[in-house]
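# Structure at a glance
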Amino acid sequence: MERQLARRAAAGEFAAFGELVRAHEPKLRALLRRLAGDNADDLAQETFLAAWRAASAWKGDGTYFAWLARIAWRKFLSDKRRERATAALDEAEAVGVDPCAEQISAIDQAMRRLPERERMAALLCFAEGYSHAEAATIMDLPLGTLKSVVARARGGLVRCLEDER
């Protein structure tokens, strides 16, 4: 069913793409909220717009969601690069409030402390249940590199959670 919808979307059928969006939007937004916080909705919209523009690029190898997650990851990285460039111009913005508020769970606090690449790998492998191979494809990394990133993420999470005690 998903492959048929994707083929129809690639042929320019907006209704088919709408069905794909409805099927994957909640999960993608949830992933992005955990990765990007307040920017999640904007990133989700950018992701779906990019997916519509490149609808014929999905070849059916892997899930449609994994393809969307890969687009979202790249959008997130681009957004972070723009954000860093802006912050470099305005150093006063760099001095701010700790993003970890009291009401955020200990795991969410620990996740937020991880570098973006480790956070995404942890979200994909630990929270979303993707295999290392699937996560490597989504993040466009060699499998061995992804495994190293996951190991660093696991270690970082353990250290952060131990610090909370």
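See the structure printed just above.
As a starting point, this report considers the structure included with it. This structure is a prediction, so every number in the text was calculated from the model and none was measured.

This part takes up the overall build of the protein. Across its full length, the protein holds eight helices and zero strands. Reading the protein from its N terminus to its C terminus gives the helix and strand order α-α-α-α-α-α-α-α. Evaluated residue by residue, the protein yields a buried proportion of 40% over its 165 residues. In the protein, once contacts between residues fewer than 6 apart in sequence are set aside, the share between residues at least 24 apart is 59%. In the form shown here, the protein has an accessible surface area of approximately 9,600 Å², with 51% of it arising from carbon and sulfur atoms.

With 23 residues, helix 2 (residues 14-36) ought to run about 33 Å at 1.5 Å a step, yet its terminal C-alpha atoms sit only 28 Å apart, falling short of that. Its maximal kink placed at His24, helix 2 deviates by approximately 50°, while the proline Pro26 follows within four residues. Taken together, the buried positions of helix 2 are Ala16, Phe17, Gly18, Leu20, Val21, His24, Leu28, Arg29, Leu31, Leu32, Leu35 and Ala36. Among the residues trailing helix 2, Gly37 stands out with phi positive, at a value near 60°.

This paragraph deals with the pattern of salt bridges. What the rule picks out here adds up to seven salt bridges. Measuring nitrogen to oxygen at the nearest pair gives 2.7 Å for the salt bridge that ties Asp140 to Arg70. Separated by 70 residues along the polypeptide, Asp140 in the loop between helix 7 (132-139) and helix 8 (143-164) and Arg70 in helix 4 (residues 64-89) bring together distant segments of the chain. In this structure Arg70 comes out as partly exposed when scored by relative accessible area, which is 23%. The salt bridge partner of Glu118 is Arg152, with a shortest N-O separation of 3.3 Å. Residue Glu118 is located in helix 6 (residues 116-127), and its partner Arg152 is located in helix 8; the two are separated by 34 residues in the primary sequence. Its relative accessible area of 13% is what places Glu118 among the buried residues. A residue is classified by how much of its surface remains accessible, and Arg152, at 40% relative accessible area, is partly exposed.

The rules behind the values
- Residues numbered from 1 in each chain as written.
- Predicted model: local features only at pLDDT ≥ 70, side-chain atom pairs only at ≥ 80, totals over all residues.
- Heavy atoms only, no water.
- Helix = DSSP H or I, 4+ residues; strand = E, 2+ residues; numbered from the N terminus.
- Buried < 20%, exposed > 50% of the residue type's maximum accessible area, 1.4 Å probe, protein only.
- Contact = heavy atoms within 4.5 Å.
- Areas by Shrake-Rupley, 256 points an atom, 1.4 Å probe, with all protein chains shown as cover.
- Expected span 1.5 Å × (residues − 1).
- Bend = angle between axes of the 7 residues up to and from the residue.
- Salt bridge = Lys/Arg side-chain N within 4 Å of Asp/Glu carboxyl O.

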